[in-house]
Amino acid sequence: MDLQRVFRHLFAPDWLAVRVFSRAALKRIEDAVRQSETSHRGELRVAIEAGVGLLPLLRGVTPRGRALDAFARLRVWDTEENSGVLIYLQLVDRDIEIVADRGISAKVGQAQWDAICHRMEEAFRARRFEAGVLEGIVEITALLTTHFPAHGNSPNELPDRPAML
């Protein structure tokens, strides 16, 4: 167990996410998700979490584990074409995870998602949080447009507004 990580999480206030992502920034992210979904049949969901509680930390939860949990809790898997994609932002660890449903994972490899995550993390290290998310959405949109292009009227199956965990 990494005690430094535990202390960073325990002393991270919940309002950290609000400080990093203002209401206006969240609205711009929501608008970017909505615009993205007009060009493909995928469903994007952004989840933002400041810190993790003590019990999960003591159990050794990883950002990937939290992302998988959020994927399930937010029902990103519950789309008609199994085309949900979760962008999970863990602010204390400055870690980003992308979890794609099986319909998309069959066409887009984990290495491509990891590359997008790394570029977003670079933006986060430079304290360009909103820009990093928006750039990530653009990259994900390009992948989804290639592998799941829009055809006809595609229903909006998941909320576009980022979830604050």
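See the structure printed just above.
Residues numbered from 1 in each chain as written. Predicted model: local features only at pLDDT ≥ 70, side-chain atom pairs only at ≥ 80, totals over all residues. Heavy atoms only, no water.

Draft legend 1. Expanded view of the packing of aromatic side chains. Scanning all chains against the criterion turns up three aromatic pairs. Measuring from centroid to centroid gives 6.5 Å for Phe-21 and Phe-124, while their planes differ by 55°, and the two rings are tilted. Here Phe-21 is found in the loop between helix 2 (16–20) and helix 3 (23–36), whereas its partner Phe-124 is found in helix 7 (residues 110–125), with 103 residues between them in sequence. Per residue, the accessibility class of Phe-21 equals that of Phe-124, and both read buried. Measuring from centroid to centroid gives 4.9 Å for Phe-124 and Phe-129, while their planes differ by 75°, and the two rings are edge-to-face. Each residue in the set Phe-21, Phe-124 and Phe-129 is aromatic and connected to the rest through ring pairs, giving one cluster. Sitting over the face of the ring of Phe-148, Lys-107 holds its NZ or CZ atom 5.1 Å from the ring centroid. (Phe/Tyr/Trp six-rings, centres within 6.5 Å; stacked < 30°, edge-to-face > 60°. Helix = DSSP H or I, 4+ residues; strand = E, 2+ residues; numbered from the N terminus. Buried < 20%, exposed > 50% of the residue type's maximum accessible area, 1.4 Å probe, protein only. Lys NZ or Arg CZ within 6 Å of the ring centre and 35° of its normal.)

Draft legend 2. Representation of the side chain of Arg-45 within the structure. Among the secondary structure elements, Arg-45 is positioned in strand 1 (residues 43–49). With no salt bridge to any partner, buried Arg-45 finds its closest opposite charge in Asp-160, at an N-O distance of 7.4 Å. A distance of 3.5 Å separates a polar atom in the side chain of Arg-45 from the backbone oxygen of Arg-161. (Lys, Arg positive; Asp, Glu negative; His and termini not counted. Salt bridge = Lys/Arg side-chain N within 4 Å of Asp/Glu carboxyl O. Polar contact = N/O pair within 3.5 Å; in protein donor to acceptor, adjacent residues only side chain to side chain.)

Draft legend 3. Looking closely at the sheet that holds strand 4 (residues 163–164). Within the open sheet, the four strands sit side by side as 3-2-1-4. Their pairing is mixed. On the outer flanks of this sheet lie strand 3 (95–100) and strand 4, each paired with one strand and no other. The pairing of strand 1 with strand 2 (residues 84–90) spans seven bridges and is parallel. The residue bridging Arg-45 from the neighbouring strand is Leu-86, located in strand 2. Contacting strand 2 and strand 3, helix 7 runs over the sheet at an angle of about 150° to strand 3. (Pairing = 2+ DSSP bridges. Contact = heavy atoms within 4.5 Å. Axes fitted to C-alpha atoms, helices over the stretch in contact; angles between N-to-C directions.)

Draft legend 4. Structural detail: the pattern of salt bridges. Scanning the entire structure with this criterion turns up 14 salt bridges. A salt bridge links Arg-34 to Asp-160; its shortest N-O distance comes to 3.4 Å. You can see Arg-34 sitting in helix 3 and its partner Asp-160 sitting in the loop between helix 8 (129–147) and strand 4, a full 126 residues away along the chain. For Asp-160, a relative accessible area of 6% translates into the label buried. One continuous salt-bridge network, built from bridges that share partners, spans Lys-27, Glu-30, Asp-31, Arg-34, Asp-160 and Arg-161.

Draft legend 5. Molecular detail of unusual backbone geometry. One non-glycine residue with positive phi stands out, namely Arg-94, at about 50°. Structurally, Arg-94 is set in the loop between strand 2 and strand 3. Unusually for a residue other than glycine, Arg-127 sits at a positive phi of about 65°. Within the fold, Arg-127 resides in the loop between helix 7 and helix 8.

Draft legend 6. Structural view of helix 7. Over its 16 residues, helix 7 extends 22 Å from the first C-alpha to the last, a length consistent with the 22 Å expected when each residue adds 1.5 Å. Listed as buried for helix 7 are Trp-113, Ile-116, Cys-117, Met-120, Glu-121, Ala-123 and Phe-124. End-on, the buried residues of helix 7 take up no more than an arc of 155°, which puts them together on one face. What points out from helix 7, more than 90 degrees from its buried face, is the exposed set Ala-111 and Arg-125. Of the surrounding secondary structure, the elements contacted by the buried residues of helix 7 are strand 2, strand 3, helix 6 (102–105) and helix 8. At the exit of helix 7 stands Arg-127, carrying a positive phi of roughly 65°. (Expected span 1.5 Å × (residues − 1). Arc of directions from axis to C-beta.)

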